[in-house]
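Geometric and topological summary
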Amino acid sequence: MPSRLSRSTGVPTTVIARVPIRSSSPGLDFEALYRAARDDVYAYVATLLRDPAGAEDVTAAVFERAYRKQRTYKASRGSERAWLFGIARNAALDELRRRKRAAALAAEPADLEAAPPEDAADAALQRAAVHAALATLGPRERELIGLKFHAGLDNAEIAAVVGVSVSNAGTQLHRAMTKLREAVEHA
Amino acid sequence: MPDPLSPDVERELAALDDALAGRPVAPDLAELGELARLVRDDRAEPSGAFGATLDAEVKRGFSQGDPRRRASGPRWRKGWGTWLTPALGATAAVLLIVIVAVTGSPTGGDEASTSAGGDQSASNAAGQESGAAAPEPGRSPGEGATAAQDDAASFAEPLPPGSVPPAPAPGSPRSDGRVRRAVERSASLTLAVRPRDMDAVSARVQEVTRRLGGFVAASTVDSSAGGGSGTFELRIPTRELDAAMAALARLGQVRERAQRARDITAQAVSARSLVSDARTERESLLEQLGEADTVRETESIRARLRFVSREIERARAGVRRVRNRAAFSTVGVTLVAEHGGGAEEEDGTWTPGDAAGDALRLLEVAAGVALVALALALPLSLLALAAALAMRWMRRRRRDHALEAV
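The paragraphs below set out a description of the structure included in this document. Every residue gets a number counted from 1 within its own chain, in the order that chain's sequence is written. Chains and ligands are labelled by the order in which they are written, letters from A for the one and numbers from 1 for the other. Under the rules for a predicted model, residues below a pLDDT of 70 receive no local features and side-chain atom pairs below 80 are neither given nor counted, while totals for whole chains, interfaces and linings still include all residues. Computation of side-chain values: all heavy atoms of the structure, hydrogens and water removed.

**Re the packing of helix α1 (residues 30-49) of chain A against helix α6 (residues 139-150) of chain A**
Residues and elements named next belong to chain A. The N-to-C vectors of α1 and α6 enclose an angle of 160°; their axes lie 8 Å apart at closest approach. In terms of orientation, α1 lies roughly antiparallel with respect to α6. By crossing handedness, the relation of α1 to α6 is classed as right-handed. Facing α1, whose interface residues are Asp40, Ala43, Tyr44, Thr47 and Leu48, α6 presents Pro139, Arg142, Glu143, Gly146, Leu147 and His150. Gly is put with the polar residues, along with every residue not named as nonpolar or charged; the nonpolar set is Ala, Val, Leu, Ile, Met, Phe, Trp, Tyr, Cys and Pro, and the charged set is Asp, Glu, Lys and Arg. A breakdown of the residues in the contact of α1 with α6 according to their chemical character gives five nonpolar, three polar and three charged. Lines are fitted to the C-alpha atoms to define the axes, a helix being fitted only along its stretch in contact, and any angle between axes, read from their N-to-C directions, falls within 0 to 180 degrees. Runs of H or I in DSSP of at least four residues are treated as helices and runs of E of at least two as strands, each being numbered from the N terminus. Note on angle classes: values under 35 degrees are labelled roughly parallel, values over 145 roughly antiparallel, values of 65 to 115 roughly perpendicular, and the remainder oblique. Crossing handedness is defined as follows: a turn of the near helix away from the far one that is anticlockwise and smaller than a right angle gives a left-handed crossing, while the clockwise case is right-handed. Throughout, a residue-residue contact means that at least one pair of heavy atoms, one from each residue, lies within 4.5 Å.

The following block contains the structure:
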């Protein structure tokens, strides 16, 4: 008489699932935040510094600082992205203050004449015009543009990062966009 | 209070969000939506090498040093962060030490604060009863003046327990050039003893007095269940005074202690002079008696001799009194009953009551230390808080300034 099996049988394979590494901070998944925000942080810092090499240095420093300070994050104070971009802003401003020349010596405005108008597509021409117009903005407007369009923060997160109210952040952002539109039209 | 956004501004901001999210934008704001997409597309992207390096750093948990870190954070933070905390700690420690040193330790202060002062003068006990004459026992005006002079010249200062009055400096105003001086010394001692030990300590006081060659001039002992007291007037040989004080002090806890010394050399000299003068007069009278011719003259001289002999006896008694004052010191011992009193040598047992008392004193000391620490920590904390807020404000200002300076 065959023995009766009480356990599952006939399972051909064993499913192995990768268990995500849990961060030491219960309220913050650092690796997930890093994966989601790495390029955004770089884009924001690059917009502010206008220096790709400096942006890489600062971005690395931002994530190192965030990694070491992740236990200090409190969800009640705002989203993880707002917290991370607050660190990024401080690091970028510290770098600006240290160098005091970063933006001035950084990437020059794009030379519209360098692009062959006859061969360039309209879209490329428009991108070049926008790039040149961005370079004419002041640092505060450029920071707001970077947070909004390059880092992908909403207005509430921008307000938390910059330290103003949400309506004030919206007003400043609208003002920056107006200046940008004017700069594009004159480009 | 921030101003609310106007409808047009809100509409344009919403159009920006719609364009970024890929949602349709109103036709009149299509140009704005296109601009938003162009700005978004203008964003910088990190190089692949940088992304790979940073990914590896994150996986390692930033365990190794990275030269990129030199761009992280203001430099002053590292400098301040490394020595600010130790500096604050050192400052707090120094202030605490200064406060403790200024306020002083209460240990031993009880005896010092309750020690009574005493007149003291030359205190060389050896041979201090030397050379006393024998005047009449009644005080002469000159003797009274001398005593008053001694009193005026005496001085008082607190004496800690166990100390010995110092000898006067040579050539002091009190000095009359005599090598051997007569000094009258006295002392008083107040001892705290346990109520149940009152009788035993009283007996020990008398035992110490007898052992050192003294005697009890007067005593009153009142012992009861709840307390009691005792007073003793002891006469101790002056050369044993210090030993007696030390032995008596061991019988209880010293609450008050005083010693007094008074130079009575002038009184001793005066007493001796009276004896000498009377003897000289008697010798003269004896010579006159031998040369007397009449009975009447003889009777007169004999009457005078009887008077002079009585004078000599009185003067000798005066000399003996002065000698006694110098040879024996008066020690007043007062016993007071205290539940926490008693010398450890007297009773080595450590009762629960003693433990409770010790615990109470320990708590008092701990509370005092905590109070001092709190008084120290509170202003320091406020200063540190103000400094932190100021530094934070300055840092924010510097960052804003950096943003403006670009």
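**As for the pattern of salt bridges**
We define a salt bridge as a side-chain nitrogen of Lys or Arg found within 4 Å of a carboxyl oxygen belonging to Asp or Glu. Tallied over the full model, the rule gives 29 salt bridges over all chains. Here Asp94 of chain A makes a salt bridge to Arg97 of chain A, at a shortest N to O gap of 3.9 Å. Taken as a pair, Asp94 of chain A and Arg97 of chain A lie in helix α3 (residues 80-99) at a separation of three residues, close to a single helical turn. An identical accessibility class is assigned to Asp94 of chain A and Arg97 of chain A; each is buried. The residue Arg304 of chain B makes a salt bridge to Glu281 of chain B at a minimum N-O spacing of 2.3 Å. Of the two residues, Arg304 of chain B sits in helix α10 (residues 295-327) while Glu281 of chain B sits in helix α9 (residues 265-291), which places them 23 residues apart along the sequence. Using a 1.4 Å probe on the protein chains alone, a residue whose accessible area is under 20% of its type maximum counts as buried, one over 50% counts as exposed, and one in between counts as partly exposed.

**Examining the interface of chain B and chain A**
Residue-level contacts link 48 residues of chain B with 56 residues of chain A. Summed over both partners, the accessible area (1.4 Å probe) lost when two parts come together is defined as the buried area. When the two sides are added together, the surface that chain B and chain A hide from each other amounts to roughly 4900 Å², 62% of it contributed by carbon and sulfur. Here a polar contact is taken to be a pair of N or O atoms separated by no more than 3.5 Å, where protein atoms must pair a possible hydrogen donor with a possible acceptor and residues adjacent in sequence count only if both atoms sit in side chains. Our enumeration of links across chain B and chain A arrives at 12 residue pairs in polar contact (both at pLDDT 80 or more). Every element with two or more residues in the side of chain B that touches chain A is listed here: α1 (7-21), α2 (30-41), α3 (48-60), α4 (75-103) and α11 (352-405) of chain B. In terms of residue count, α2 of chain B provides more of the side of chain B that touches chain A than any other element does, nine residues in total.

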